[in-house]
Amino acid sequence: NDILKNQIRKVDNTIKETAEMSMSSGLFFESDVVKEKLKKCIRNKRKITLVRKKKANKDLLKIGLFIIFDGLVSHEVISATQPTISSLRQAPTSRIIDFLKVEWGKITDKNYHAIFDLAKTVCLSFPTSPDTDAILKKLIDIALDVVSPGALLKHDLMGRIYHKLLLKTTGKYYATYYTSIPAAWILSNLTINTPSPDLNWDFESLENIKGFKDLDPACGSGTLLSGIYMALKDKY
């Protein structure tokens, strides 16, 4: 948990830094289409207009940069198992947007539209310029830093980062209390390892559990669902 918190802090600082770079360079997108998509993404279409425009734009930009970061992390994870997808380590030092457009196109030809369609839209709202390349390079570096150990991705890292960003930007509009990672781990393992006697759960083979379903009626970013998945995998 301490390692996770440290990594979240590093990602949060990078997103803050790239947001400042974007604002000071005048790169912040002015596309109404992109803004509407981002507002819909954070489910705050109405409330975000109630704060000062400059702050609203900066908050929206942070969420936009998080969406790009999410795409970069997913890209690197997918490239590890798909030889036709180039790793982020192969990204050029200039015109990085063009590189991502090609590689993300290859990925969406297979699947993953929910992640990459929006990430590509946000990315393409930035102009091709040295400033944009500098911003994307910082996001790529921190994405590689997250993916490299591997273990961090098993602990709902993206959900934690999103929570941190959300609470600092639009979270004040919601009376929301997020599931902690330790709580998710405890609840998930209690559920899987101590089921009711009348439940005939058999985790001996994948065939036995291929139809297994779990339900989190209060699902937000998926912390508890991630916990259940890990508990199932560990049990198997």
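Residues numbered from 1 in each chain as written. Predicted model: local features only at pLDDT ≥ 70, side-chain atom pairs only at ≥ 80, totals over all residues. Heavy atoms only, no water.

Novice: Before we move on, can you summarise the environment of F203 with the specific residues and values?
Specialist: Within the element layout of this structure, F203 appears in the loop between helix 8 (181-193) and helix 9 (206-209). Given a relative accessible area of 8%, F203 falls into the buried group. Each C-alpha atom of the pair F203 and Y236 lies 5.5 Å from the other, and the pair is 33 residues apart in sequence. Dropping the residues within four chain positions of it, F203 is found in contact with I192, I209, F212, L232, K235 and Y236. (Helix = DSSP H or I, 4+ residues; strand = E, 2+ residues; numbered from the N terminus. Buried < 20%, exposed > 50% of the residue type's maximum accessible area, 1.4 Å probe, protein only. Contact = heavy atoms within 4.5 Å.)

Novice: Give a detailed account of a nonpolar patch on the surface, specifying residues and quantitative values.
Specialist: A grouping of W185, I186 and L190 is seen on the molecular surface, where their side chains present a nonpolar patch of about 340 Å² in accessible area. In this structure, L190 sits in helix 8. (Patch = residues over 30% accessible without salt bridge, like charges linked within 9 Å, V, L, I, M, F, W, Y side chains within 5 Å. Areas by Shrake-Rupley, 256 points an atom, 1.4 Å probe, with all protein chains shown as cover. Salt bridge = Lys/Arg side-chain N within 4 Å of Asp/Glu carboxyl O.)

Novice: How would you sum up the nonpolar core? Please name residues and give values.
Specialist: In this structure, F69, L72 and L100 are the most contacted members of the largest nonpolar core, which totals 44 residues. Elements represented by at least two residues in this core include exactly helix 1 (2-24), helix 3 (53-79), helix 4 (96-110), helix 5 (113-124), helix 6 (130-147) and helix 7 (157-168). In terms of residues, this core owes the most to one element, helix 3, which gives 10 residues. The contact partners of L100, leaving out residues within four places of it in the chain, are L72, H75, L88, G105, C123 and L136. (Core = buried A, V, L, I, M, F, W, Y, C linked by side-chain atoms within 4.5 Å.)

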